[in-house]
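One letter stands for each residue in the lines below.
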Amino acid sequence: MKIVVCVKQVPDTTEVRIDPATGTLIRDGVPSIINPDDRAALETALVLKDTTGATVAVLSMGPPQAEAVLREALAMGADEAILVSDRRFGGSDTWATSLTLASALRRLQADLVLCGRQAIDGDTAQVGPQVAEHLGLPLVSYVGSLRPEGDRHLIVKRMFEDGHHVLRVQMPCLLTILKDMNTPRYMSAPGIFEAFQRPITTWTLDDLDVDPSQIGLKGSPTRVKKSYTKGTKSAGKVYEVDPREGARIIVENLREKFII
Amino acid sequence: MAGASAGFTHFTDFMGLEGLLTDEERMVREAARAFVNAEVLPIIEQHAQAQTFPAHLIRAMGGLGFFGPTLPEAYGGAGLSSVAYGLLMYELERGDSGLRSFASVQGALVMHPIFAYGSEAQKLHWLPRLAKGEVVGCFGLTEPDFGSNPGGMLTRAERLEGGKWRLNGTKMWITNGTVADVAVVWAQTPEGIRGFLVEKGTPGFRAPEMHGKWSLRASVTSELVLEDVVVDEAASLLPEAQGLKAALSCLTQARYGIAWGVLGAADACYQCALDYAQSRIQFDRPIAAFQLQQEKFAGMVSELAKGQLLALQLGRLKDAGKATPAQVSLAKMNNTHMALDIARKARTILGANGILDEYPVMRHMANLESVYTYEGTHDIHALIVGQAVTGHAAYL
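Given the structure is predicted, the values throughout are model-derived calculations rather than measurements.

1. Quick notes on the overall build of chain B
Across its full length, chain B carries 11 helices and 10 strands. For chain B, the C-alpha radius of gyration of 21 Å lies close to 21 Å, the compact-globule estimate for 396 residues. Over its C-alpha atoms, taken along the principal directions, chain B stretches across nearly 80 × 45 × 40 Å. Across the 396 residues in chain B, those meeting the buried criterion constitute 55%. Taking contacts inside chain B between residues at least 6 apart in sequence as the whole, the part at least 24 apart equals 74%. Just so you have it, chain B exposes about 15800 Å², and 56% of that area is on carbon and sulfur atoms.

Below is the structure:
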């Protein structure tokens, strides 16, 4: 089985702070990390490698410094790493990104494509499903667990807020993986050493079969109208009362705001 | 920043050490840091209080290649640079000196002598399993009456007929002794001091644990007792280990790791104190705003930054094959001294809270008292440096 895991380099949003004067993000000194859902997707692939002998390639689209997350993926145990990087891809929205990644995936010919559910910087959850659409692959999103059944099928659990579906899906297919699905392994010292002995393949626009008018900023239909920080809410009120009185106060407040 | 128990995201880097590291070295540090934050910090205080070693971490650390990572891959090593190894020790000791001691002993004091002085059969038999943490080793040089003067050791090995040796003697202050599967034991022979591998379970060999320590409580410290222990020469004698110099070269490896490791303990204490001083309000201000506390922080961060740069330069020299034992002594002496000083200052900043196990400071401080003395006391290192500078050996 050949697995390709799509990973994105993102700023560690737990480390991002807001400049109180300008209201913008302070990105200085914020470490870049593998997007957490993507890291879980990588761990899922590495478990399949351990148990079934699958090969695992990692694919990322981004600037040259995104190589760092690919090295980290190699240090965790991935076999191969491909960086899709070209200034002409700059400014891509999810449409242009998914077209570009789909083109790279056509070259890689995977039995299984794993993506994280969504990235912690953009939070769209669109790229994985769009890639599946471009490639005509079956898609299962919000995957919370999976196991292989024979050589061609997977039994996957698709999570909902209030339950889950168990689905049997035929490969090739694309799954988007939830961060909570597993605990990703640590990089090992020999893994790190080997990661720096291996080449990282870089593909530019010239290596991919994708329409240049559909990529980068000009190929991106999304327009950002405004970006701002939400105002802080006023402090809540604390009532120290017994449960019966508490319930009465809650109902009264909800009525006042016409919520019930 | 997160609280002391959750671990801090960044290591203290006042003088831009990060920029002097390779990507590979930074990645090793990140990997070790993530491991220590998740696996060590949440449990280490309980282990120190209970005087237990977190034995489940042995396999975990072995699986991540933390033991002997500078050795070649053929013997289970990872081919890492000495600087990457140093950063690994830094992060482990940020967790606890006992944990770093375990890794130092396994890697520098057991795997190194087998690699440097063992036969090919001994290397293949022991090194891959020691690297994975499947077996544990210990190093027996120090004796109850011979600490700084190991050349006077009383442990004897005598050659018997049929390719056998008989060992008699007692070793003391042996990290991992009780839990070790194999001990590297140094003994006087008619041909000078030689090194032997003694396996657990060999008749006449015992390793009782020492109790009552106020320091390195999350680490196993033992005696080794050898009473007419008969070993097979091919399996046991390290063929290339001739003279005290061989034993001392192992200590040089371990001391190098200590020069890095204690920076981690110091960093943990410094960051804890800084975090505390920012949130502790007295006289309506954070105590970090008071001049006396700031003078302490300025001194602490100065020493930490100097220690980091010293360790890095030593590591670069070591990777170039140019580090001398006296340079290693200087770094061990300086960094351990400053780490202990930082731990003590941090304790004063935390006030009464500094003595609680809610914070890592008192544990590190007590640990560093051992580190100050073991692997060559502070005083002996001063004399080694003194000899290098003056040409006169003052300890003979």
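2. Comments concerning the packing of helix H1 (residues 23-50) of chain B against helix H3 (residues 82-95) of chain B
Residue and element names in this part refer to chain B. Running from N to C, H1 and H3 point in directions that differ by 15°, and their axes come no closer than 8 Å. Considering the angle they form, H1 stands roughly parallel to H3. As for the relative orientation of H1 and H3, their crossing is right-handed in sense. The residues of H3 that touch H1, namely those facing Glu-25, Val-28, Arg-29, Ala-32, Arg-33, Val-36, Asn-37, Val-40, Leu-41 and Ile-44, are Val-83, Ala-84, Leu-87, Leu-88, Glu-91, Leu-92, Arg-94 and Gly-95.

3. Things to note about the nonpolar core
Grouped together as the largest cluster of nonpolar side chains are 165 residues, with contacts concentrated most on A:Val5, A:Leu175, B:Leu167, B:Trp186 and B:Trp260. In terms of residues, this core owes the most to one element, helix H7 (residues 244-279) of chain B, which gives 19 residues. Each residue touching B:Trp260, except ones within four places of it in the same chain, is listed here: B:Val83, B:Gly86, B:Leu87, B:Met89, B:Tyr90, B:Gln308, B:Ala311 and B:Leu312. Membership of the second largest hydrophobic core comes to 26 residues, among which are A:Leu59, A:Ile82, A:Val84 and A:Trp203.

4. Concerning the sheet that holds strand E8 (residues 112-116) of chain A
All names here are of chain A. An order of E11-E10-E9-E12-E8-E1-E6-E7-E13 is seen for the 9 strands of this open sheet, with the pairing classed as mixed. Two strands bound the open sheet, and with one partner strand each, they are strand E11 (163-170) and strand E13 (201-203). Strand-to-strand twist across the sheet, computed as the mean angle between neighbouring axes with direction ignored, equals 30°. In this sheet, strand E7 (residues 80-84) lies alongside strand E6 (residues 55-61) in parallel orientation, the contact comprising 5 bridges. Opposite Leu-59, over in E7, you have Ile-82 as the bridge partner. Set on the sheet, helix H1 (residues 36-52) makes contact with strand E1 (2-6), E6, E8, strand E9 (139-149) and strand E12 (173-177); between it and E8 the angle comes to about 145°.

5. Observations regarding the side chain of A:Arg71
Residue placement: A:Arg71 occurs in helix H2 (residues 67-76). A distance of 3.1 Å separates a polar atom in the side chain of A:Arg71 from the backbone oxygen of A:Arg198. Among all residues touching A:Arg71, those that are not within four sequence positions of it are A:Ala195, A:Phe196, A:Arg198, A:Ile200 and B:Met27.

6. A look at helix H4 (residues 127-135) of chain A
Residues and elements named next belong to chain A. Taken together, the buried positions of H4 are Gly-128, Gln-130, Val-131 and Ala-132. In this structure, the buried side of H4 is in contact with helix H3 (94-108), E8, E9 and E12. A positive phi of about 70° marks Gly-136, the residue just after H4.

7. Observations concerning the domain arrangement of chain B
Reports often express the size of an interface as the amount of accessible area lost when the parts come together. Residues and elements named next belong to chain B. Partitioning chain B into structural domains gives domain 1 (2-132), domain 2 (137-243) and domain 3 (246-390). Taking only C-alpha atoms into account, the centre of domain 1 sits 25 Å from that of domain 2. Each side of the interface is counted separately: domain 1 has 26 residues, and domain 2 has 25 residues. Interface area for domain 1 against domain 2, summed over the two sides, is near 2000 Å², with a carbon-plus-sulfur share of 65%. The largest per-residue losses of area from domain 1 upon contact with domain 2 belong to Gln-51, Tyr-117 and Trp-126, which jointly make up 30% of the total buried on that side. Connecting domain 1 to domain 2 are 0 salt bridges. Between the two partners, domain 1 and domain 2, sit 7 residue pairs in polar contact (both at pLDDT 80 or more). For the side of domain 1 that touches domain 2, the elements supplying multiple residues, two or more each, are H1, helix H4 (97-117) and helix H5 (120-132). Ranked by residues supplied to the side of domain 1 that touches domain 2, first place goes to H4 with 12 residues. Split into classes, the residues belonging to the side of domain 1 that touches domain 2 amount to 14 nonpolar, 11 polar and 1 charged.

8. Considerations on the interface of chain B and chain A
Each partner contributes residues to the interface: chain B has 20 residues there, and chain A has 16 residues. The junction of chain B with chain A conceals about 1400 Å² of combined surface from both sides, 70% of it contributed by carbon and sulfur atoms. On the chain B side of the contact with chain A, B:Glu24, B:Met27 and B:Leu64 bury the most area, a combined 38% of that side's loss. Our enumeration of links across chain B and chain A arrives at 0 salt bridges. Summed over the shared surface of chain B and chain A, the result is 2 residue pairs in polar contact (both at pLDDT 80 or more). Top element by residues in the side of chain B that touches chain A is H1(B). It accounts for 10 residues. Counted by class, the side of chain B that touches chain A contains 10 nonpolar, 5 polar and 5 charged residues.

Each value, and the rule that gives it
Residues numbered from 1 in each chain as written. Chains lettered and ligands numbered in written order. Predicted model: local features only at pLDDT ≥ 70, side-chain atom pairs only at ≥ 80, totals over all residues. Heavy atoms only, no water. Helix = DSSP H or I, 4+ residues; strand = E, 2+ residues; numbered from the N terminus. Rg over C-alpha atoms; globule rule 2.2 N^0.38 Å. Buried < 20%, exposed > 50% of the residue type's maximum accessible area, 1.4 Å probe, protein only. Contact = heavy atoms within 4.5 Å. Areas by Shrake-Rupley, 256 points an atom, 1.4 Å probe, with all protein chains shown as cover. Axes fitted to C-alpha atoms, helices over the stretch in contact; angles between N-to-C directions. Parallel < 35°, antiparallel > 145°, perpendicular 65-115°, else oblique. Left-handed = near helix turned anticlockwise from the far one by under 90°. Core = buried A, V, L, I, M, F, W, Y, C linked by side-chain atoms within 4.5 Å. Pairing = 2+ DSSP bridges. Polar contact = N/O pair within 3.5 Å; in protein donor to acceptor, adjacent residues only side chain to side chain. Domains from an automatic or database assignment. Buried area = accessible area lost by both parts, 1.4 Å probe. Salt bridge = Lys/Arg side-chain N within 4 Å of Asp/Glu carboxyl O. Nonpolar A, V, L, I, M, F, W, Y, C, P; charged D, E, K, R; others polar.

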